[in-house]
Amino acid sequence: MSETVEIIDKSEPYRGYFRIALYRFRHRLFAGGWSGEIRREVFERGHAVGVLPYDPEADAVVLIEQFRIGALAGGVNPWQTEIVAGIVEQQEAVQDVAHREALEEAGLSLLALMPICRYIVSPGGSSESVTLFCGRVDSRGAGGIHGLPEEHEDIRVDVLPFTDAMAWLENGRIDNAVSIIALQWLALHRDQVRAAWA
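The residue count restarts for each chain, going from 1 along the sequence in the order it is written. Local features in this predicted model are restricted to residues of pLDDT 70 or higher, and side-chain atom pairs are both shown and tallied only at a pLDDT of 80 or more, whereas totals for entire chains, interfaces and linings draw on every residue. Water and hydrogen atoms were dropped before computing side-chain values, which therefore reflect all heavy atoms in the structure.

Draft legend 1. Spatial organisation of the overall build of the protein chain. Where helices and strands are cited, they refer to DSSP runs of H or I of at least four residues and of E of at least two residues respectively, numbered from the N terminus. For the protein chain, the helix and strand inventory stands at four helices and 11 strands. Each principal axis of the C-alpha distribution contributes one length, and for the protein chain these read about 60 × 40 × 35 Å. Buried residues are those whose accessible area, probed at 1.4 Å on protein chains only, stays under 20% of the maximum for their type, while exposed residues exceed 50% and partly exposed ones sit between those limits. When burial is assessed residue by residue, the protein chain has 38% of its 198 residues classed as buried. Of the charged side chains in the protein chain, 18 are positive and 29 negative; the average position of the first set lies 7 Å away from that of the second. Only four residue types enter the tally: Lys and Arg on the positive side, Asp and Glu on the negative side, with His and both chain ends excluded. The atom standing in for a charge is NZ when the residue is Lys, CZ when it is Arg, CG when it is Asp and CD when it is Glu.

Next comes the structure, spelled out in structure tokens:
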């Protein structure tokens, strides 16, 4: 118990590829005093790292496309255009995840990393956070099909000029939060990134 939140009980009613935790808790109220007991399920999938591969010489980004069951269930195109991303394993540094996933998902070696932000994906029902980076790459020769067969990954890699990536963002072809956040960050900071990586 902290001064503002009391966890009465936490259980795990479901554990599969992902986990569901059930919390019973109460918290301080803005008007004073305490709330009544609240029960909430929390989706727990771990924490993730995303990296937007950017080639400052070519002024191009490297994006990937793969099938996503959550998009299908949500009624949108399940073939999602995304940045590189992956789950943080136990005791793994977020920078190491960025390098690992860039190689596994896109066949890319990251030459440098620039932090973008860390954010909570859906704080009303999930504990997942994403740490975002922009990764310097040499995009010459990038492309093809990548991913780990044992994880059933089938990932197509595309190199896009920055202006084309912005057009995809504007017309809704890119419709997942992690990619939107990373690309909008690059739109705001592109001059500084190019100067830093000149």
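Draft legend 2. Representation of the environment of leucine 110 within the structure. Here leucine 110 lies in the loop between helix H2 (94-106) and strand E8 (112-120). For leucine 110, a relative accessible area of 10% puts it in the buried group. Between the C-alpha atom of leucine 110 and that of alanine 60, which follows or precedes it by 50 residues, the distance is 14 Å. Any two residues whose heavy atoms approach within 4.5 Å at even a single point are treated as in contact. Sequence-distant contacts of leucine 110, that is, excluding residues within four places in its chain, are made with Val51, Ala98, His99, Ala102, Gly135, Arg136 and Val137.

Draft legend 3. Region of the structure containing the packing of aromatic side chains. Under the pairing criterion, centres of Phe, Tyr and Trp rings, with the six-membered ring standing for Trp, must be within 6.5 Å; the plane angle then separates stacked pairs below 30 degrees from edge-to-face pairs above 60, leaving the rest tilted. Counted by the stated rule, this structure contains three aromatic pairs. Here the aromatic rings of tyrosine 17 and phenylalanine 18 are separated by 4.7 Å at their centres, their planes lie at 75°, and the arrangement is edge-to-face. Residue classification places tyrosine 17 among the exposed residues on the basis of a relative accessible area of 76%. For phenylalanine 18, a relative accessible area of 27% translates into the label partly exposed. Note on phenylalanine 67 and tryptophan 79: the rings are 5.2 Å apart at their centroids and 65° apart in plane angle, and the pair reads as edge-to-face. Note that phenylalanine 67 is positioned in strand E5 (residues 60-67) and tryptophan 79 in strand E6 (residues 79-82), a separation of 12 residues in sequence. Classification of phenylalanine 67 as partly exposed rests on a relative accessible area of 38%. Using a relative accessible area of 43% as the deciding quantity, one classes tryptophan 79 as partly exposed. Taken together, Tyr17, Phe18 and Phe43 form an aromatic cluster joined through their ring pairs. Here, over-ring charges are defined by two tests on the NZ atom of lysine or the CZ atom of arginine: distance to the ring centre within 6 Å, and angle to the ring normal within 35 degrees. The cationic tip of arginine 26 hangs over the ring face of tryptophan 34; the distance from NZ or CZ to the ring centre is 4.5 Å.

Draft legend 4. Highlighting helix H4 (residues 177-196). At every residue, the bend is computed as the angle between two fitted axes, covering the seven residues ending there and the seven beginning there respectively. A bend of about 75° at histidine 189 is the largest found in H4. Within H4, burial applies to Val178, Ser179, Ala182, Leu183, Trp185, Leu186 and Val193. Where the residues of H4 are buried, they touch strand E4 (48-55), E5, E6, E8, strand E9 (129-136) and helix H3 (162-170).

Draft legend 5. Molecular detail of the pattern of salt bridges. By definition here, a salt bridge exists when the distance from a side-chain nitrogen of Lys or Arg to a carboxyl oxygen of Asp or Glu is within 4 Å. As enumerated under the stated definition, the model contains 16 salt bridges in all. A salt bridge links arginine 24 to aspartate 9; the shortest N-O distance between them is 4.0 Å. Highlighted residues: arginine 24 in strand E2 (residues 19-27) and aspartate 9 in strand E1 (residues 5-15), separated in sequence by 15 residues. Accessibility expressed as a relative area gives 33% for aspartate 9, which makes it partly exposed. Glutamate 37 is the partner of arginine 24 in a salt bridge, and the nearest nitrogen-oxygen pair spans 2.7 Å.

Draft legend 6. Fine view of the environment of glycine 144. Take glycine 144: it is sitting in strand E10 (residues 144-146). Overall, the relative accessible area of 40% leaves glycine 144 in the partly exposed class. Residues glycine 144 and isoleucine 155, 11 residues apart in the sequence, show an inter-C-alpha distance of 8.3 Å. Look past the residues within four positions of glycine 144 in its chain and what remains in contact with it is Ile155, Arg156 and Val157.

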